[in-house]
Amino acid sequence: MAKALIVYATITGNNQMLADILADQLDKLGIEVVETEMSQTDPNDFEDYDLCFVCVYTYDEGALPEEGMDFYEDLADVDLTGKYYTVLGSGDTYYGEYYNVAVDKFAKQFEKTGAQLGTDCLKIELEPDEYDIMNIAKVAKDISTKIQI
């Protein structure tokens, strides 16, 4: 059975909702899923999973979550060759050019691990709505086609 690890950071609860929705969608596809909070997770944990996900917020003017800084820095040193990743994030377009830039930063960090982008990263405005839930389901379906279930 394929396995997925979803690591999230949240202040408002929106990214935990993204993680929960993603976990539900992956579970429906027959993938074993574990969710964990970023400050409680070691990036090396991804080594035990086929699919690697991060759900992250962008703080203020483009900053990464403080509770995820160690995770972010350590991620670049993990060898995830043969794994697939994608990054999701909830943000607020009020911040203009800084809208959800943490998603892009984490995607670049994953590139250093040797993992392959399994499907497009997803940026969501604030709390996920029905349209966003459909997009999260598409992320789950698209990335699941990359592995043997």
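Here, the structure is the one placed above.
Since the structure is predicted, the reported quantities are computational estimates derived from the model, not experimental observations.

Parameters at a glance
Residues numbered from 1 in each chain as written. Predicted model: local features only at pLDDT ≥ 70, side-chain atom pairs only at ≥ 80, totals over all residues. Heavy atoms only, no water. Helix = DSSP H or I, 4+ residues; strand = E, 2+ residues; numbered from the N terminus. Buried < 20%, exposed > 50% of the residue type's maximum accessible area, 1.4 Å probe, protein only. Pairing = 2+ DSSP bridges. Patch = residues over 30% accessible without salt bridge, like charges linked within 9 Å, V, L, I, M, F, W, Y side chains within 5 Å. Areas by Shrake-Rupley, 256 points an atom, 1.4 Å probe, with all protein chains shown as cover. Salt bridge = Lys/Arg side-chain N within 4 Å of Asp/Glu carboxyl O. Lys, Arg positive; Asp, Glu negative; His and termini not counted. Charge placed at Lys NZ, Arg CZ, Asp CG, Glu CD.

Asks: Now, about unusual backbone geometry: what can you tell me, with residues and values included?
Replies: At Asn100, a residue that is not glycine, the phi angle is positive and equals roughly 55°. Residue position: Asn100 is located in the loop between β4 (84–91) and α3 (101–111). Owing to a relative accessible area of 1%, Asn100 belongs among the buried residues under this scheme. Positioned with a positive phi, Leu126 is a non-glycine residue whose angle comes to about 55°. The residue Leu126 is located in the loop between β6 (122–125) and α4 (130–144) in this model.

Asks: Give a detailed account of the pairing of β6, specifying residues and quantitative values.
Replies: Taking every second residue as pointing to the same face, the buried face of β6 carries Leu122 and Ile124, while none of Lys123 and Glu125 on the other face is buried. Where β4 lies against β6, four bridges are found, and the strand directions are parallel. Its bridge partner being in β6, Leu88 is matched across the sheet by Leu122.

Asks: Lay out a negative patch on the surface in plain terms, naming residues and giving numbers.
Replies: Residues Asp42, Asp45, Glu47, Asp48, Asp70, Glu73, Asp74, Asp77 and Asp79 make up a contiguous surface patch of negative charge. Residue placement: Asp79 occurs in the loop between α2 (69–75) and β4.

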